[in-house]
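Single-letter residue listing:
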Number of protein chains: 2
Amino acid sequence: MTDPQLTDGLRELLSAPNPCVMATLRKDGSPVSVATWYLLDDDRIRVNLDADRVRLQHLRRDPRVAMTILSAESWYSHVSIQGRVAEITDDPDLSGIDSLARHYTGEQYPVRDRARVDVRIDIERLHTWGDAAAL
Amino acid sequence: MTDPQLTDGLRELLSAPNPCVMATLRKDGSPVSVATWYLLDDDRIRVNLDADRVRLQHLRRDPRVAMTILSAESWYSHVSIQGRVAEITDDPDLSGIDSLARHYTGEQYPVRDRARVDVRIDIERLHTWGDAAAL
């Protein structure tokens, strides 16, 4: 589901290389969070994980995620998303992680010998604070 | 429980006015996250909420929380905490929220007519990335 609140202003904010924190659920249902790169990709959130990450097991077991994206300009402007994993796909040529690395660092991803996966997340709810609330 | 990994270096990092994202659990068990002020207070994490926040209902129902604290200097250095609410106390004179506001803004909290509560969170697990990993 594409959230109807995803305005052009929000798309623009979310398209910057912003700090982002993603929360997933452990087997016992407890939340766990970590900072992550993300891309807004066709109105979905895309992240890319090392295929051996515990976080990936979390996402396969329970697709519910929360993300808070802080504006790169001021973290008092932020967007929080509740979403659901729509698709997990292998990234055999590392083009997925490279697109994230280029977005954030301008360079391809330095680690070339680890399997990666792309995870696409549907935005189900979205809340905004600070300047983002006006977008 | 005080986490044995909370070294002096980590205490120093966590004592800065850093961006922080906190994840709680909704009634249906799904995670929800939001940016928040926090203070490291006697090796616990303290946050302060408007007494009418839905997030407070989450914390009363399920005390399990996750937090990711991004270093104010670079978000590539970050600390993620899994914790549990130890104590929820009223903040009738607003001294709790004022201590957070002064830490982040240098000023007392501007809103004086809303009930607030202090929430103290025990650190149960802690993971570090980037420069924080060396602390």
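All figures in this text were calculated on a predicted structure; none of them were measured in a lab.

Undergrad: Would you explain the overall build of chain A in this entry?
TA: If you tally the helices and strands in chain A, you get 3 helices and 7 strands. The order of helices and strands in chain A, counted from the N terminus, is α-β-β-β-β-α-β-β-α-β. For a compact globule of 135 residues, the expected C-alpha radius of gyration is about 14 Å, and chain A comes in at 14 Å, within 12% of that figure. With respect to the three principal axes, the spread of C-alpha positions in chain A is 40 × 40 × 25 Å. When each of the 135 residues of chain A is scored for burial, the buried share is 53%. Relative to all contacts within chain A whose residues are 6 or more apart in sequence, the contacts with residues 24 or more apart total 71%. Of the accessible surface of chain A, which amounts to about 6,300 Å², a share of 45% is contributed by carbon and sulfur atoms. Here chain A holds 17 positive side-chain charges and 22 negative ones, and the gap between their average locations is 7 Å.

Undergrad: Sorry, what's going on with the nonpolar core here?
TA: Within soluble globular proteins, side chains that are nonpolar tend to cluster in buried spots. Counting 74 residues, the largest nonpolar core has Ile45 of chain A together with Ile45 of chain B as the members making the most contacts within it. Beyond its immediate sequence surroundings of up to four residues, isoleucine 45 of chain A is in contact with Tyr38, Leu39, Leu40, Met67, Ile69, Ile81, Val119, Arg120, Ile121 and Ile123 of chain A.

Undergrad: Any chance you could explain the sheet that holds strand β3 (residues 39–41) of chain B here in plain terms?
TA: Backbone-to-backbone hydrogen bonds pair the strands of a sheet. The strands run either parallel or antiparallel. Residue and element names in this part refer to chain B. An order of β2-β1-β5-β6-β7-β4-β3 is seen for the 7 strands of this open sheet, with the pairing classed as antiparallel. Whereas interior strands pair on both sides, the edge strands pair on one side only; in this sheet they are β2 (31–35) and β3. Averaged over all pairs of adjacent strands, the angle between strand axes in this sheet comes to 35 degrees, irrespective of strand direction. Together, β1 (20–25), β2, β4 (44–50), β5 (64–70), β6 (78–90) and β7 (116–129) form the strand contacts of helix α2 (residues 54–61), whose direction differs from that of β1 by roughly 60 degrees.

Undergrad: Looking at this structure, I do not really get the interface of chain A and chain B. What am I missing?
TA: When the parts come together, some accessible area is lost, and that loss is often what is quoted as the size of the interface. Each side of the interface is counted separately: chain A has 31 residues, and chain B has 31 residues. The contact between chain A and chain B buries some 2,500 Å² in all, and 62% of this surface belongs to carbon and sulfur atoms. The interface formed by chain A and chain B contains 2 salt bridges. Across the salt bridge formed by arginine 64 of chain A and aspartate 28 of chain B, the nearest N and O atoms sit 3.9 Å from each other. For the pair chain A and chain B, the interface holds 10 residue pairs in polar contact (both at pLDDT 80 or more).

Undergrad: What's the story with the relation of the copies chain A and chain B in this structure? I'm lost.
TA: Between the two chain copies there is a screw-like relation: a rotation about an axis and a shift along it. When chain A is fitted onto chain B, the two copies agree to an RMSD of 0.0 Å after a turn of 180 degrees and an axial shift of 0.0 Å. Both copies are brought into coincidence by an operation consistent with a two-fold rotation axis.

Undergrad: Looking at this structure, how should I read unusual backbone geometry?
TA: Trans peptide bonds make up most of the peptide bonds, and negative phi angles are found at most residues other than glycine. Residues and elements named next belong to chain A. Non-glycine residue aspartate 42 carries a positive phi angle of around 60 degrees. Take aspartate 42: it is sitting in the loop between β3 (39–41) and β4 (44–50). On the accessibility criterion, aspartate 42 (73% relative accessible area) is exposed.

Undergrad: Whenever I open this one, helix α3 (residues 95–105) of chain A confuses me. Can you help?
TA: All names here are of chain A. All buried positions along α3 are accounted for by Gly96, Ile97, Asp98, Leu100, Ala101 and Tyr104. Summarising the contacts, the buried residues of α3 are in contact with β3, β4 and β7 (116–129). Residue glycine 106 follows α3 closely and has a positive phi angle near 85 degrees.

Undergrad: Quick question: what am I supposed to make of the packing of aromatic side chains here?
TA: The way to describe two aromatic rings as a pair is by their centre distance and the angle between their planes. Tallied over the entire structure, the rule returns 10 aromatic pairs over all chains. With centroids separated by 5.4 Å and ring planes inclined at 10 degrees, the aromatic side chains of tryptophan 37 of chain A and tyrosine 104 of chain A adopt a geometry described as stacked. Remark: tyrosine 104 of chain A occurs in helix α3 and tryptophan 37 of chain A occurs in the loop between β2 (31–35) and β3; sequence separation between them is 67 residues. Residue classification places tryptophan 37 of chain A among the buried residues on the basis of a relative accessible area of 16%. Judged by centre distance (6.5 Å) and plane angle (80 degrees), the ring pair of tyrosine 76 of chain A and tryptophan 37 of chain B falls under edge-to-face. With tyrosine 76 of chain A in the loop between β5 (64–70) and β6 (78–90) and tryptophan 37 of chain B in the loop between β2 and β3, this residue pair bridges two chains. Look at tyrosine 76 of chain A and you get partly exposed, because its relative accessible area is 39%.

Cut-offs used in this document
- Residues numbered from 1 in each chain as written.
- Chains lettered and ligands numbered in written order.
- Predicted model: local features only at pLDDT ≥ 70, side-chain atom pairs only at ≥ 80, totals over all residues.
- Heavy atoms only, no water.
- Helix = DSSP H or I, 4+ residues; strand = E, 2+ residues; numbered from the N terminus.
- Rg over C-alpha atoms; globule rule 2.2 N^0.38 Å.
- Buried < 20%, exposed > 50% of the residue type's maximum accessible area, 1.4 Å probe, protein only.
- Contact = heavy atoms within 4.5 Å.
- Areas by Shrake-Rupley, 256 points an atom, 1.4 Å probe, with all protein chains shown as cover.
- Lys, Arg positive; Asp, Glu negative; His and termini not counted.
- Charge placed at Lys NZ, Arg CZ, Asp CG, Glu CD.
- Core = buried A, V, L, I, M, F, W, Y, C linked by side-chain atoms within 4.5 Å.
- Pairing = 2+ DSSP bridges.
- Axes fitted to C-alpha atoms, helices over the stretch in contact; angles between N-to-C directions.
- Buried area = accessible area lost by both parts, 1.4 Å probe.
- Salt bridge = Lys/Arg side-chain N within 4 Å of Asp/Glu carboxyl O.
- Polar contact = N/O pair within 3.5 Å; in protein donor to acceptor, adjacent residues only side chain to side chain.
- Least-squares fit on C-alpha atoms with pLDDT ≥ 70 in both.
- Phe/Tyr/Trp six-rings, centres within 6.5 Å; stacked < 30°, edge-to-face > 60°.

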